[in-house]
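Coordinates in review
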Amino acid sequence: MDFVAAVSHELRTPLTAIRSAGQNLADGIIDDPSGVRKYGLLIEREGRRLTEMIGRVLAFAGIRSGRQIYRMERVDVAEIVRATLEDRSWVLGESGFDVETEITDGLPFVKGDRVALRQVVTNLIDNALKYAADGRWLGVRVESDDAPGGGNVRISISDRGPGIPKREIQVVFEPFRRGSGANGGANPGSGLGLALVRSIVDAHGGSIDVASPSGGGAVFTVRLPAASDGAAEGGGRK
C-alpha cells in the first residue's frame, strides 16, 4: 500500500501538468509562437520525467519481486560515468550547475550490468539536482583504491547543498523515505531513487555510503569490486 500510494501521488503531478498544457493548447488559449514553444517544452520535460519515473518504479518492482536479472559483463566505469553526464547535461545546464569531474587514468574494469550501473550514476546525479540546487555545483570523481585482493573502483558524487541531518543519514537509502529538505512541492519524488541505488550496488557485491559535513553538502560514494582481468583506458580531469 505504501508503494501504490507513493507512486500514485508521484504520477499525478506530471500528468496534471501535461493535461493542463495540452488543454490550453487545444482550446487556443495559447497561440503565439513563443507561448506554444514554452508549453511544448513543458510537455516534453514532464513527459521525460514521467518516463524516468516509470523506469524507476519498474526497476524497484523487479528487485522486490526477486525477478530482476542483471547481465554481467566487463564494464568500464569511467565510460559509464561520462555517458551519464552527457545524457544529463541538458538538465544540469538548465539548472545552472557547474560540474567538475575527475577520472583517474587506467582504471580496472568491474563486472556488472551496464544499464543498471548507469542508473546508479543517474539517480545520484538526479538526487543532487533535487536537493542541492542552491549549491549549483556537482563534483564527480572516479578512482581506484588499489586495495589488496583487487581493490575497488570508487564513484563519488558531491554537492554543495544544505547537507543531510545526522538523524537522516541512516535512513536515506530506505524506500519511500525522503529527507526533510523534500517537504512541500519544490522537490517532488517517491523516495525510490536511493533505494534503487543501494539495491543495484548490493547486487554487484559493492557498497555505498554517504557523508555530510556539518558545514553542508553531501558526498555519496559507491565502491564496486574491480575485475581481475585488465584495466580500461582513458581518464583525466575536466
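Being a predicted model, the structure only gives us computed values, none of them experimental.

Thresholds, definitions, all that
Residues numbered from 1 in each chain as written. Predicted model: local features only at pLDDT ≥ 70, side-chain atom pairs only at ≥ 80, totals over all residues. Heavy atoms only, no water. Helix = DSSP H or I, 4+ residues; strand = E, 2+ residues; numbered from the N terminus. Buried < 20%, exposed > 50% of the residue type's maximum accessible area, 1.4 Å probe, protein only. Contact = heavy atoms within 4.5 Å. Areas by Shrake-Rupley, 256 points an atom, 1.4 Å probe, with all protein chains shown as cover. Phe/Tyr/Trp six-rings, centres within 6.5 Å; stacked < 30°, edge-to-face > 60°. Lys NZ or Arg CZ within 6 Å of the ring centre and 35° of its normal. Polar contact = N/O pair within 3.5 Å; in protein donor to acceptor, adjacent residues only side chain to side chain. Salt bridge = Lys/Arg side-chain N within 4 Å of Asp/Glu carboxyl O. Axes fitted to C-alpha atoms, helices over the stretch in contact; angles between N-to-C directions. Left-handed = near helix turned anticlockwise from the far one by under 90°. Nonpolar A, V, L, I, M, F, W, Y, C, P; charged D, E, K, R; others polar. pLDDT = per-residue confidence, 0-100. Parallel < 35°, antiparallel > 145°, perpendicular 65-115°, else oblique. 1 Å grid on protein atoms, 1.4 Å probe; cavity = no way out; pocket = protein on both sides within 12 Å on 5 of 7 lines; lining within 4 Å. Points joined across faces, edges and corners; volume = space filled by probe spheres on them.

Quick word on the overall build of the protein
Regarding its fold elements, the protein presents 7 helices and 8 strands. The burial tally for the protein puts 41% of its 238 residues in the buried class. Partitioning the contacts of the protein with sequence separation of at least 6, the portion at a separation of at least 24 is 74%. For the protein, the exposed surface amounts to about 12,900 Å²; the carbon and sulfur share of it is 51%.

Some points on the packing of aromatic side chains
For the structure on display, the rule yields 1 aromatic pair. On the basis of an interplanar angle of 90 degrees and a centroid distance of 6.0 Å, the ring pair of Phe173 and Phe220 is categorised as edge-to-face. Of this pair, Phe173 sits in the loop between helix 6 (166–169) and helix 7 (193–203) while Phe220 sits in strand 7 (residues 218–231), placing them 47 residues apart in sequence. For the pair Phe173 and Phe220, a shared accessibility class is recorded, and that class is buried. Over the ring of Phe109 we find Arg74, and its NZ or CZ is 4.2 Å from the ring centre. Above the plane of the ring of Trp137 lies Arg160, whose end atom (NZ or CZ) is 3.9 Å from the centre.

Focus: the environment of Asp32
Secondary-structure assignment places Asp32 in the loop between helix 1 (2–26) and helix 2 (33–65). Within the structure, the side chain of Asp32 is placed 2.8 Å from the backbone nitrogen of Gly35, a separation counted as a polar contact.

Points about the pattern of salt bridges
Opposite charge on two side chains makes pairing possible when the charged atoms of those side chains draw close. Applying the stated rule across the entire model yields 7 salt bridges. Of the charged contacts, one joins Glu79 and Arg114 as a salt bridge, the two residues approaching to 3.8 Å between their closest N and O atoms. Residue Glu79 is located in helix 3 (residues 77–87), and its partner Arg114 is located in helix 5 (residues 114–131); the two are separated by 35 residues in the primary sequence. Note on Glu79: relative accessible area 43%, which makes it partly exposed.

Re the packing of helix 5 against helix 7
Between helix 5 and helix 7, whose axes approach to 9 Å, the crossing angle comes to 150 degrees. Both helix 5 and helix 7 take part in a crossing whose hand is left-handed. Residue-level contacts link Ala116, Gln119, Val120, Asn123, Leu124 and Asn127 of helix 5 to Gly193, Leu194, Leu196, Val197, Ile200 and Val201 of helix 7. Class assignment for the residues of the contact of helix 5 with helix 7 results in 8 nonpolar, 4 polar and no charged.

Focus: the confidence of the model for the protein
This prediction gives the protein a mean pLDDT of 83; 84% of its residues lie at or above 70. Taken together, the stretch residues 182–187 has pLDDT below 50 and engages in 5 contacts with residues farther than four places along the chain or on a different chain. Counted against residues more than four places away or in other chains, residues 233–238, with its pLDDT under 50, gives 18 contacts.

Re the packing of helix 2 against helix 5
Two elements in contact, helix 2 and helix 5, have axes whose closest approach is 13 Å; the angle formed by their N-to-C orientations is 125 degrees. The angle between helix 2 and helix 5 falls in the class oblique. Two packed elements cross with a definite hand, and for helix 2 against helix 5 that hand is left-handed. Along its contact with helix 2, which presents Glu52, Gly55, Arg56 and Ala59, the element helix 5 presents Gln119, Thr122, Asn123 and Asp126. Looking at the contact of helix 2 with helix 5, its residues break down into 1 nonpolar, 4 polar and 3 charged.

Quick word on the layout of surface pockets
In this structure, the second largest pocket encloses a volume near 360 Å³. Around the second largest pocket, the lining comprises 17 residues; the ones closest to its centre are Gly55, Arg56, Ala59, Val115 and Gln119. Going through the elements one at a time, helix 2 and helix 5 are the ones with two or more residues in the lining of the second largest pocket. Take the lining of the second largest pocket: its biggest share by element is 6 residues, from helix 5.

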